[in-house]
Amino acid sequence: MAASSKAEESRVPPALPLPTPPLTKFKIALCQLLVTADKERNIAHARKVIEEAAQKGAQLVVLPEIWNSPYSNASFPVYAEDIDAGGDASPSTMMLSELSRSLQITLVGGSIPELSGDKLYNTCCVFGTDGKLKAKHRKVHLFDIDIPGQITFKESLTLTGGESPTIVDTDVGRIGIGICYDMQFQELAMLYAARGAHLICYPGAFNMVTGPLHWELVQRARRWPWQFGEVLATTEHDEAIVVAEIDYSLIDLRRTNLPFQKQRRGDLYQLLDVQRQNAESTK
Ligand SMILES: NC(=O)CC(=O)C(=O)O
């Protein structure tokens, strides 16, 4: 057998073919919100913005990270809600559920601090058009950074990291969820691609020291293997609703144009193998 065909045989099987999405084109709205210390006001404001996004024709509405509370370790325990208990214990997600049903939209509800038992999480809830909670993603990679004299933040002082990736089938396709810092870890996005995600949503609230260097660059890098990393719509720092059309027919076209998925040499760079080899060599 020729060396090249041996290599071909040993390659890791390609990712799942993309499942047929429930629709080809739809409008997405990304909502950038100004957050205050007044939780009730934040909820009322988010309600207004979601209604406006739906009026603009969005079938998928995405909120930012920690939209019902100031983004601080001191605030997380105070603003946290028991999402599983629902009702009065979680006014933020009750509002999201009500609106997704009444407006017939899919809602990636940004994130809020979640209280579960004695633990706090940074949690994104996804609601379907029937108002039901379809998925809950707990931020997997906590934002712990230390750049002396510029920014030090340690989410892990109050929050616990989630334990699983989150991929969910909705009326607008299969969506992989990450929260802000989760975007820095390409393996999560690759896993979502391999599981047939049509879209990945990363609600975020970036810091203003390293954030401006990262937020567009890293998002564009995560386009693999869907698109060319083209920015369809963007905004500045103020409150805004950014609406754009998503066209899934471009995914197949781009994958034909640039067949990265088929060309990947997974036989050469599987991380688990490297980790095993490293562990062996340090025994
Ligand atoms: N909220 C965050 O996770 C912040 C973040 O990732 C950043 O770079 O800023």
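Up top is the structure these notes are about.
Quantities reported herein were computed from a predicted structural model and do not represent experimental measurements. (Residues numbered from 1 in each chain as written. Predicted model: local features only at pLDDT ≥ 70, side-chain atom pairs only at ≥ 80, totals over all residues. Heavy atoms only, no water.)

Helices and strands together make up the secondary structure of the protein, namely 9 helices and 12 strands. Compactness check: the protein gives a C-alpha radius of gyration of 20 Å against a globular reference of 19 Å for 283 residues, within 12% of the reference. Expressed as lengths along the three principal axes of its C-alpha atoms, the size of the protein is roughly 70 × 50 × 35 Å. Expressed as a percentage of the 283 residues in the protein, the buried residues total 42%. Sequence-distant contacts in the protein: of pairs separated by 6 or more residues, those separated by 24 or more amount to 70%. Split by element, the accessible area of the protein, about 14,900 Å² in all, is 52% carbon and sulfur. (Helix = DSSP H or I, 4+ residues; strand = E, 2+ residues; numbered from the N terminus. Rg over C-alpha atoms; globule rule 2.2 N^0.38 Å. Buried < 20%, exposed > 50% of the residue type's maximum accessible area, 1.4 Å probe, protein only. Contact = heavy atoms within 4.5 Å. Areas by Shrake-Rupley, 256 points an atom, 1.4 Å probe, with all protein chains shown as cover.)

Time to look at unusual backbone geometry. Positive phi, close to 60 degrees, is recorded for glutamine 104, a residue that is not glycine. Its location among the elements puts glutamine 104 in the loop between helix 4 (91–103) and strand 3 (106–108). Residue glutamine 104 is classed as exposed on the basis of its relative accessible area, which comes to 53%. Residue cysteine 180 is not a glycine yet carries a positive backbone phi of 35 degrees. Summarising the element assignment, cysteine 180 is placed in the loop between strand 10 (173–177) and helix 5 (186–194). For cysteine 180, a relative accessible area of 7% translates into the label buried.

What follows covers the sheet that holds strand 9 (residues 166–170). Strand order in this open sheet of 3 strands is 9-10-11, and the pairing throughout is mixed. Every other strand in the sheet has two partners, leaving strand 9 and strand 11 (199–201) as the edge strands with one partner each. Across the sheet, the mean angle from the axis of one strand to that of its neighbour is 30 degrees, orientation sign disregarded. Sheet topology note: the strand 10/strand 11 ladder contains 3 bridges and is parallel. The partner of glycine 176 across the bridge, within strand 11, is isoleucine 200. With respect to the sheet, helix 5 is in contact with strand 9, strand 10 and strand 11, its orientation differing from that of strand 10 by roughly 160 degrees. (Pairing = 2+ DSSP bridges. Axes fitted to C-alpha atoms, helices over the stretch in contact; angles between N-to-C directions.)

So, about the packing of aromatic side chains. Counted by the stated rule, this structure contains 7 aromatic pairs. Aromatic side chains tyrosine 71 and phenylalanine 76 sit 5.5 Å apart centroid to centroid with 90 degrees between the ring planes, which places their arrangement in the edge-to-face category. Given the relative accessible area of 0%, phenylalanine 76 is considered buried. Through pairs of rings, three or more aromatic residues link up here, namely Tyr71, Phe76, Phe143, Phe153, Tyr181 and Phe185. The ring of tyrosine 121 carries arginine 138 above its face, with NZ or CZ at 3.9 Å from the centroid. (Phe/Tyr/Trp six-rings, centres within 6.5 Å; stacked < 30°, edge-to-face > 60°. Lys NZ or Arg CZ within 6 Å of the ring centre and 35° of its normal.)

Glancing now at the site of the ligand. Around the ligand, the structure places Glu65, Tyr71, Lys139, Phe143, Cys180, Tyr181, Ala205, Phe206 and Asn207. Contact distances for the ligand include 2.7 Å between a nitrogen atom and a side-chain N or O atom of glutamate 65. At 3.1 Å from a nitrogen atom of the ligand is found a main-chain nitrogen or oxygen belonging to alanine 205. In the complex, the protein chains occlude 99% of the 270 Å² of accessible area that the ligand would expose alone. (Near = heavy atom within 4 Å. Polar contact = N/O pair within 3.5 Å; in protein donor to acceptor, adjacent residues only side chain to side chain.)

Oppositely charged side chains may form a pair once their charged atoms are brought near each other. Following the criterion strictly, the structure yields 11 salt bridges and no others. In this structure, glutamate 114 and lysine 136 form a salt bridge, with 2.7 Å as the shortest nitrogen-oxygen distance. Here the residue glutamate 114 occupies a position in strand 4 (residues 112–116), and lysine 136 occupies one in strand 6 (residues 133–138), the gap between them amounting to 22 residues. With relative accessibility at 0%, the residue glutamate 114 sits in the buried group. Owing to a relative accessible area of 23%, lysine 136 belongs among the partly exposed residues under this scheme. In this structure, the salt-bridge partner of glutamate 114 is arginine 138, at a minimum N-O distance of 2.9 Å. Of this pair, glutamate 114 sits in strand 4 while arginine 138 sits in strand 6, placing them 24 residues apart in sequence. (Salt bridge = Lys/Arg side-chain N within 4 Å of Asp/Glu carboxyl O.)

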